[in-house]
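Fold and contact review
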Amino acid sequence: MPLNALGTNPITLAAPGHNGDDFVLDMATTTAALGKVEIYEREKLPIPETWGVNKNGEVTTDPADVINGGGLLSLGGAEATGGYKGYGLAMMVEIFCGILGDASYGPNVRKWREPGRIANLGQCFVAINPDAFAPGFRDRMSDLMDHCRGLEPAAGYDRVLVAGDPERAHMQECDENGGIPYPPHLIENMNKLASTLGVEPLKTV
């Protein structure tokens, strides 16, 4: 019986605030992206129980189980923790990006590690002029984001963020450091690949 039916099916929304303070959401409809599972495997760390299943469809904390014949869980994990909602969102993306445009969809999409055939991935882009609805969109957008940032953070956290804040902070960190920080083992793996391909290794600072 087939185990996998849908991909990570990401959803993105960008909405402008004032002075470049924009809301920029970019999220998978799985609890975690496959690339994150691969990072945990390289670092030999267990993954949370809501991330994926093994080849038998059983929830696992071993990232290798997910990568080698298993699969990712929809956003929320299993049914008891709301995974059906992530499943519904993933189906929505599949309808807009695959079925609507006659692209590959569901189990017909080429697997991540099968480069031998054309992926035929569909995309759906929607551009909306907010001024066509009502004036003052940026004012309301900035007001909502500032309100959320002003909320009392949960115990153990120092502030509340909105989508786009972590990325802006990371961009500033990269600018200040003069480069993008990578874990040493990742640089080592990338330089091994560079050697195999006969290209220059990464330059570190």
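Figured I'd write up the structure that's included with this text. (Residues numbered from 1 in each chain as written. Predicted model: local features only at pLDDT ≥ 70, side-chain atom pairs only at ≥ 80, totals over all residues. Heavy atoms only, no water.)

Another point: the overall build of the protein chain. Tallying secondary structure elements over the protein chain gives six helices and five strands in all. When its helices and strands are written in sequence order, the protein chain yields β-β-α-β-β-α-β-α-α-α-α. The dimensions of the protein chain, computed from C-alpha atoms along their principal axes, are 50 × 45 × 40 Å. A burial count over the protein chain gives 23% of its 205 residues as buried. Partitioning the intrachain contacts of the protein chain with sequence separation of at least 6 by distance along the chain shows that 43% fall at a separation of at least 24. In the structure as shown, the protein chain presents an accessible area of about 14,600 Å², 58% of it carried by carbon and sulfur atoms. Distance between charge centres in the protein chain, computed from 16 positive and 27 negative side chains, equals 6 Å. (Helix = DSSP H or I, 4+ residues; strand = E, 2+ residues; numbered from the N terminus. Buried < 20%, exposed > 50% of the residue type's maximum accessible area, 1.4 Å probe, protein only. Contact = heavy atoms within 4.5 Å. Areas by Shrake-Rupley, 256 points an atom, 1.4 Å probe, with all protein chains shown as cover. Lys, Arg positive; Asp, Glu negative; His and termini not counted. Charge placed at Lys NZ, Arg CZ, Asp CG, Glu CD.)

Two pairing modes exist for strands in a sheet, parallel and antiparallel, and in both the strands are linked by backbone hydrogen bonds. Overall, antiparallel pairing links the three strands, which are arranged E4-E3-E5 in an open sheet. Each edge of the open sheet is held by one strand with a lone partner, namely strand E4 (59-60) and strand E5 (71-72). (Pairing = 2+ DSSP bridges.)

Now for the nonpolar core. When a protein is soluble and globular, its nonpolar side chains tend to lie buried together. Counting six residues, the largest nonpolar core is built from Ala32, Val37, Ile47, Trp51, Val66 and Ile67. Excluding residues within four positions of it along the chain, Val66 makes contact with Val37, Ile47, Gly52, Val53, Thr60, Gly71 and Leu72. (Core = buried A, V, L, I, M, F, W, Y, C linked by side-chain atoms within 4.5 Å.)

With respect to the helices, strands and loops of the structure, Thr29 is situated in the loop between strand E2 (23-27) and helix H1 (34-42). Here Thr29 falls in the buried class, since its relative accessible area comes to 0%. There is a polar contact of 3.0 Å between the side chain of Thr29 and the backbone oxygen of Asn9. Each residue touching Thr29, except ones within four places of it in the same chain, is listed here: Thr8, Asn9, Ile11, Ser74, Leu75, Gly86, Leu89, Ala90 and Val93. (Polar contact = N/O pair within 3.5 Å; in protein donor to acceptor, adjacent residues only side chain to side chain.)

Attention now goes to a nonpolar patch on the surface. A surface patch of nonpolar side chains, about 370 Å² in accessible area, is lined by Leu89, Met92, Phe96 and Leu100. Mapped onto the elements of the fold, Met92 is located in helix H3 (residues 83-99). Of the residues examined, Met92 reaches a relative accessible area of 36% and is grouped as partly exposed. (Patch = residues over 30% accessible without salt bridge, like charges linked within 9 Å, V, L, I, M, F, W, Y side chains within 5 Å. Salt bridge = Lys/Arg side-chain N within 4 Å of Asp/Glu carboxyl O.)

This part is about the packing of aromatic side chains. Evaluation of the coordinates by the stated rule reveals one aromatic pair. Ring plane angle 70 degrees and centroid distance 4.9 Å describe the contact between Tyr40 and Trp51, whose orientation is recorded as edge-to-face. On the criterion of sequence distance, the pair formed by Tyr40 in helix H1 and Trp51 in the loop between H1 and strand E3 (52-53) is long-range, its members being eleven residues apart. Of the residues examined, Tyr40 reaches a relative accessible area of 22% and is grouped as partly exposed. For Trp51, a relative accessible area of 8% corresponds to the buried category. (Phe/Tyr/Trp six-rings, centres within 6.5 Å; stacked < 30°, edge-to-face > 60°.)

Given a rise of 1.5 Å per residue, 17 residues ought to cover 24 Å, and the 23 Å separating the end C-alpha atoms of H3 matches this to within 8%. Considering only its buried residues, H3 is in contact with strand E1 (11-15). (Expected span 1.5 Å × (residues − 1).)

Our focus in this paragraph is the pattern of salt bridges. When the charged atoms of two side chains lie near each other, side chains of opposite charge can form a pair. In the structure shown here, the tally under the stated rule is seven salt bridges. One salt bridge connects Arg168 with Asp165, and the closest N-O pair in it is separated by 2.9 Å. Within this pair, Arg168 and its partner Asp165 are both found in helix H5 (residues 165-177), separated by three residues, close to a single helical turn. A relative accessible area of 27% places Arg168 in the partly exposed class. The partner of Lys192 in a salt bridge is Glu188, with the nearest N and O atoms 3.6 Å apart. Linking Lys192 with Glu188, this pair stays in helix H6 (residues 184-197), spanning four residues, or about one helical turn.

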